[in-house]
Every structure is written in structure tokens, then in C-alpha cells.
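# Topology and contacts: notes
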Amino acid sequence: MKTKMNAISRRQFMGAGAAAIAALELSADPLGLPIGCQTYPVREALGKDFEGTLRQLASIGYKMIEMCSPPGYERSGYGSLINMKASDMRQTIKAAGLGCESCHYQFKELKENLDERIAFAKELGLKQMVVSTFSLRPEATLGDWAQAADELNKIGEKTQKTGIQTGFHNHNFEFKEIDGVLVYDKLMSTLDAKLVKMQFQVSVISLGYEAATYFNKYPGRFASIHLQDWSPTDKKQVAVGQGTVDWKKLFAAARKGGVKNYFVELNMDAMKASYPYLNDLKV
């Protein structure tokens, strides 16, 4: 009887182990985080049919979205959402099978309407308010960049008191040198490491800069990532997994960087092609 019970226990144990492994394989999403996408590439469709476009993104497999502030992006496809209450927006996103913890904002709108934007963000359920760009002129000096960073620190101090993390999203602008100093490094030395976390745009691989380098160089300084791949042959962005980015290296370093979420930012066709690769990626 004892032998039989032990045999059953071993079979049960082995079965449970196999089930656990299968479950892990089914959820091989990098970092164990739900795969997300930025809504900006599909903004026109979103503005015309908010609910339908959300459901289309969910049908691909995406679990999270990153929004853009409707007032800040009124002229960029989000204007039709300006009068939607945050509670209604949150419910519509949830009903589509998605979550939303991050949103892009214009620097100007946060400087001028911060309390209002924070109130909307809280009601929407956000954990991150990300400044998409400082919108500085091309001839801006390092001093101009440092001044903008100081202003963002003040914004970050206020959002942090409400439980929301301020973030900053780079473009190619930050990966140029002024007086021998890389703008991105200047920002990292000026921004408060606790008040402002970074959202790294992987597309700067086109300039020769790898996300993994910065995750390792500045541990714990990153909130999220925008995912794009790059084809040097075609000189254009391509679906994740179809270009030159070493994604295993990137996500391994992302742990050190402190990344909490990531969003594919590509057109709808490339979003569709990116999801299976990310879903199968094991790091």
C-alpha cells in the first residue's frame, strides 16, 4: 500500500512538474511581463473607432497598451477622445481585454496643466506619466537640455507624491554630442534617478546605440522600453525579430535596468508580426 501511494505521489509530482513547465512555456513573454503596444501608430484608427481598435489589438494577443494624452495629442489623432471621462476610457480599455498603466504627455501640457493631468491619470489607473519629448530647438545647448531636465525633476516630485512615476522618452535627438558630451548622458546626470525614470526607444540602434548598453550603464534608471527592430539593408524599422537587435541580450540587460513594462511601437502590420516573436522569446 505504501509503495502504491509513493508511486502515485511520484506520478502526481511528475505530472504537476510537466504542467508547470508547460505553463512557463505558454507564458514565455520576456521578463514575465504582459506584452504591450503604443497606440500612437494606430492613432487615426483609434480616433475613429476607439473600442474596435482596442479589440483588434487585443485579438493580436497584446495585453497592455500605452495611451497618449488626448488634450496633448488633439491634433495627432486623439482629438475625438478629449471629452471622454477617464473612468469611461478605463472601462472601455478593460472591456477590450487590455490594461493601461502608462501614457505619453507633451512637456508643455504638464508644465501648464499638471494638476489636471495627474487627476485624469489617477482616474485612468496610470502608474507612469511619460514625457514624449522636450521639443527643444535643433540648436539647443547642453544648458538648455539641463534646464529642461531640472523642470522635469520638479514635475516628477509632484507626480511621485500621488503614486505616479514620471518618465522621459528619448528620440534620436538625445543621441548626439554637444561639446563632446552625449546629450543622453547629460540628461542622466541631471535627472533625479528616483523622480524620473527613462523609457528607452530601441530604434536608436539605427545610429549605432544599443539599449542593453544603457541598461547596464545606468542600472535601475529605466521604467519601460519602446520596441522597434532595424534593417540596415533596407534602412527602415521592421517587426521585432526581423532586424539586427539582439533581443535576448536586450531583455537580459533590461532586468538590470529596472524595466517594468515594454511597448511595441510599429504600424499595425508590424505589430501583428512582432507579437508571436515576443510571445515565444525566452530570456
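Just so you know, these numbers come straight off a predicted model, no measurement behind them.

Inspection of the entire model under this criterion finds 19 aromatic pairs. Ring geometry for Phe175 and Tyr209: centres 4.9 Å apart, planes at 50°, overall tilted. With a gap of 34 residues between them, Phe175 in the loop between strand 5 (165-169) and strand 6 (177-178) and Tyr209 in the loop between strand 8 (196-201) and helix 8 (211-217) connect regions that are remote in the sequence. Under the relative-accessibility criterion, Phe175 is labelled buried at 5%. Residue Tyr209 is classed as partly exposed on the basis of its relative accessible area, which comes to 22%.

This part takes up the pattern of salt bridges. In total, this model carries 11 salt bridges according to the counting rule given. Taking the shortest distance from any N to any O, the salt bridge between Arg117 and Glu116 comes out at 3.2 Å. By sharing partners, the salt bridges in this structure join Glu109, Glu116 and Arg117 into a single network.

Overall, the prediction assigns the protein chain a mean pLDDT of 92, with 90% of residues at 70 or greater. Per-residue pLDDT stays below 50 along residues 1-11; that stretch engages in zero contacts with residues further than four places along the chain or on separate chains. When the criterion is pLDDT under 50, residues 13-27 qualifies, and its contacts beyond four places in sequence or with other chains add up to two contacts.

Next up on the list: the layout of surface pockets. Estimated volume of the largest pocket: approximately 260 Å³. Along the wall of the largest pocket there are 17 residues; nearest its centre are Tyr40, His104, His169, His171 and Glu265. Residue classes in the lining of the largest pocket are distributed as five nonpolar, 10 polar and two charged. Computed from the structure, the second largest pocket encloses a volume of approximately 220 Å³.

Bringing the packing of helix 3 (residues 50-60) against helix 4 (residues 86-95) into the picture now. Put simply, helix 3 and helix 4 touch, their axes get as near as 9 Å, and they point 40° apart. Judged by the inter-axis angle, helix 3 sits oblique to helix 4. For the crossing formed where helix 3 meets helix 4, the hand is right-handed. Residues Phe50, Glu51, Leu54 and Arg55 of helix 3 pack against Met89, Thr92, Ile93 and Ala95 of helix 4. Across the contact of helix 3 with helix 4, the residue classes tally to five nonpolar, one polar and two charged.

Moving on, we come to the environment of Asn172. Structurally, the position occupied by Asn172 is in the loop between strand 5 and strand 6. Taking the C-alpha atoms as reference points, Asn172 and Ser203, 31 residues apart in sequence, are found 8.3 Å from one another. With sequence-adjacent residues up to four places away left out, Asn172 is seen in contact with Val204, Ser206 and Leu207.

We now examine the packing of helix 6 (residues 142-160) against helix 7 (residues 183-190). Put simply, helix 6 and helix 7 touch, their axes get as near as 9 Å, and they point 40° apart. Taken together, the axes of helix 6 and helix 7 are oblique relative to one another. Considering only the axes of helix 6 and helix 7, their crossing is right-handed. Between helix 6, through Leu142, Trp145, Ala146, Ala149, Asp150 and Asn153, and helix 7, the contact on the second element is made entirely by Val183, Lys186, Leu187 and Thr190. The residue inventory of the contact of helix 6 with helix 7, partitioned by class, reads six nonpolar, two polar and two charged.

Pairing is parallel in the closed barrel, where eight strands are placed in the order 1-2-3-4-5-8-9-12. Taken over all neighbouring pairs, the strand axes of this sheet differ in orientation by 30° on average, direction set aside.

With that settled, the discussion passes to the pairing of strand 3 (residues 99-105). Counting buried residues in strand 3 gives six out of seven residues, a clear majority hidden from the surface. The sheet contact formed by strand 2 (residues 64-68) and strand 3 spans five bridges and is parallel. Residue pairing across strands places Ile65 opposite Cys100, the latter belonging to strand 3. Handedness of the crossover joining strand 2 and strand 3 through helix 4 is recorded here as right-handed. Where strand 3 and strand 4 (residues 128-131) come together, four bridges link them in parallel fashion. Directly across from Ser102, in strand 4, lies its bridge partner Gln128. For the segment spanning strand 3, helix 5 (residues 107-124) and strand 4, crossover handedness is right-handed.

Calculation rules
Numbering of residues begins from 1 in every chain and follows the order in which that chain's sequence is written. In keeping with the model being predicted, local features are shown solely for residues with a pLDDT of at least 70 and side-chain atom pairs are shown and tallied solely at 80 or more, while totals for entire chains, interfaces and linings include all residues. Only hydrogens and water are removed before side-chain values are computed, so all heavy atoms of the structure are retained for them. Paired rings are identified among Phe, Tyr and Trp, the last through its six-membered ring, by centres lying within 6.5 Å, and are further divided according to the angle between planes into stacked (under 30 degrees), edge-to-face (over 60) and tilted (the rest). Starting at the N terminus, helices and strands are each numbered in turn, a helix being any DSSP run of H or I of at least four residues and a strand any DSSP run of E of at least two. Think of it in three bands: residues with accessible area under 20% of the maximum for their type are buried, residues over 50% are exposed, and the middle band is partly exposed, with areas taken using a 1.4 Å probe on protein chains only. Think of a salt bridge as a Lys or Arg side-chain nitrogen and an Asp or Glu carboxyl oxygen that are within 4 Å of each other. The quantity called pLDDT is the predictor's confidence in a given residue, expressed from 0 to 100. We call two residues in contact whenever any of their non-hydrogen atoms come within 4.5 Å of each other. Cavities and pockets were defined on a 1 Å grid built from protein atoms only: a cavity is a group of points that admits a 1.4 Å probe but offers it no way out, a pocket is an open group of points flanked by protein on both sides within 12 Å along at least five of seven lines, and a lining residue is one with an atom within 4 Å of any such point. Grid points are joined across faces, edges and corners, and a volume is the space filled by probe spheres set on the points. Residue classes follow a fixed rule: Ala, Val, Leu, Ile, Met, Phe, Trp, Tyr, Cys and Pro count as nonpolar, while Asp, Glu, Lys and Arg count as charged, and any other residue, Gly among them, counts as polar. Structural elements are reduced to axes, namely lines fitted to C-alpha atoms, with helices fitted over the stretch in contact, and the angle between N-to-C directions of any two is expressed from 0 to 180 degrees. Put simply, angles under 35 degrees are roughly parallel, angles over 145 are roughly antiparallel, angles from 65 to 115 are roughly perpendicular, and the rest are oblique. Should the near helix be turned counterclockwise from the far one by less than a right angle, the crossing is left-handed, whereas a clockwise turn marks it as right-handed. In this analysis, strands are considered paired if DSSP registers two or more bridges between them. We call a crossover right-handed when, viewed with both strands directed away from the observer, the connection leading from the first strand over the helix to the second proceeds clockwise.

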